[in-house]
Each structure stands twice: as C-alpha cells, then as structure tokens.
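What follows is each chain in one-letter form.
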Amino acid sequence: MWQGYQSAARGLPYVAAELLVEGGRALQLVLVLAIGAGVSLREMGSGDTWVKILQGASRINPREFLWELAGYAIVVGLLNLLLVALLQEANVLTLLTGLGMNELDPPRARLALLLGLKNLFVIPVSVIILFRVLRLV
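Nothing here was measured: the structure is a model prediction, and the numbers come from that model.

> When you look at the overall build of the protein chain in this model, what are you seeing that I'm missing?
Within the protein chain, the secondary structure is distributed over 6 helices and 0 strands. For the protein chain, the N- to C-terminal ordering of α and β elements is α-α-α-α-α-α. For the protein chain, the C-alpha radius of gyration of 19 Å lies well beyond 14 Å, the compact-globule estimate for 137 residues. When the backbone C-alpha atoms are referred to their principal axes, the protein chain occupies close to 55 × 35 × 25 Å. For the protein chain, buried positions account for 24% of its 137 residues. For the protein chain, contacts bridging at least 24 residues in sequence account for 60% of all contacts bridging at least 6. In the protein chain, which carries 11 positive and 9 negative side-chain charges, the distance between the mean positions of the two groups comes to 6 Å.

> What is the right way to read helix 6 (residues 106-133) from this model?
For the α-helix, the turn length of 3.6 residues means that residues three or four positions removed from each other point alike. End to end, helix 6 covers 38 Å across 28 residues, agreeing with the expected 40 Å (1.5 Å per residue, within 8%). Considering bend angle alone, the principal kink of helix 6 is centred on Lys 118 and spans about 45 degrees. Looking at helix 6, one finds that the buried residues are Pro 106, Ala 109, Ala 112, Leu 113, Leu 114, Gly 116, Val 122, Pro 124, Ser 126, Phe 131 and Val 133. Count one or two residues on from helix 6 and you reach Arg 135, which has phi positive near 60 degrees.

> Got a minute to help me understand the environment of Leu 117 in this structure?
As for its placement among the helices and strands, Leu 117 is situated in helix 6. It is 8.1 Å that separates the C-alpha atoms of Leu 117 and Leu 83, two residues lying 34 residues apart in sequence. In this structure Leu 117 touches Leu 83, Leu 87 and Val 122, once residues within four positions along its chain are discounted.

Rules and cut-offs
- Residues numbered from 1 in each chain as written.
- Predicted model: local features only at pLDDT ≥ 70, side-chain atom pairs only at ≥ 80, totals over all residues.
- Heavy atoms only, no water.
- Helix = DSSP H or I, 4+ residues; strand = E, 2+ residues; numbered from the N terminus.
- Rg over C-alpha atoms; globule rule 2.2 N^0.38 Å.
- Buried < 20%, exposed > 50% of the residue type's maximum accessible area, 1.4 Å probe, protein only.
- Contact = heavy atoms within 4.5 Å.
- Lys, Arg positive; Asp, Glu negative; His and termini not counted.
- Charge placed at Lys NZ, Arg CZ, Asp CG, Glu CD.
- Expected span 1.5 Å × (residues − 1).
- Bend = angle between axes of the 7 residues up to and from the residue.

Spelled out as structure tokens, the structure:
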C-alpha cells in the first residue's frame, strides 16, 4: 500500500518494501502448495513431494480445463470489478473523512487501498483457484 501512496517510491525503502512483498508472495505460494499436498514445510524441499504435487497436472482434461479457465477468468474479473466499484473516489473520501484522515489525498489513498486489497485478497484467492484448476492442490 505504501508503494501505491508514494508518488515517487525510489531508493532503499522502496527496494526493501518490494523484497518483503515478493518474499511474502513466494512464502504464500509455498504454503498453499504445502497445505494442498498435506505436507509440512520441511517436506517441501523433497523431490518426492514435488512429484506428488505436480502429478495432479497430468490428470487435466483439456475440455474441462478450458471451461474451468473461463470460469477462473470470470471470477477473478468480477472480484476486480467489485473492488474497483467499492473503491470509487467518493467512497474513499467518505472513508477518509470518517476515519479523520482528511489530510490524505483521496486519489492516492484510493490507489494504495486498491493495491493493498488486491495483494491481500484478490491475488491470493486467484492463485488458489488457479492452483486448483491446474490440479496442483
């Protein structure tokens, strides 16, 4: 969210924030795969575990896959549309006023909220659905 609110996010703080975000994302993906495979994080370093995880992809039916992919695109598209609809600038202004944060710039706060909610909700949900479509979990 900080990246979205800063107009010119550069330098070490930006790089550190980006590394934390991407590291969190990688950890999140590994956790989803571990939970889906029913294994501990220690077992994620094992080649046998990865064979077990990737075996699901071999069971993909091409016709079902295309329908599931279309459904995936619709669900993720609707989640994004809902988020954009809820975070209209007028709604963000009302939220900021209600929280006593009138000094924040509504367009920049809207972008920060949008990026933050996408990173916390839309992206993880879409990854879990995609892993399911690919039969990885």
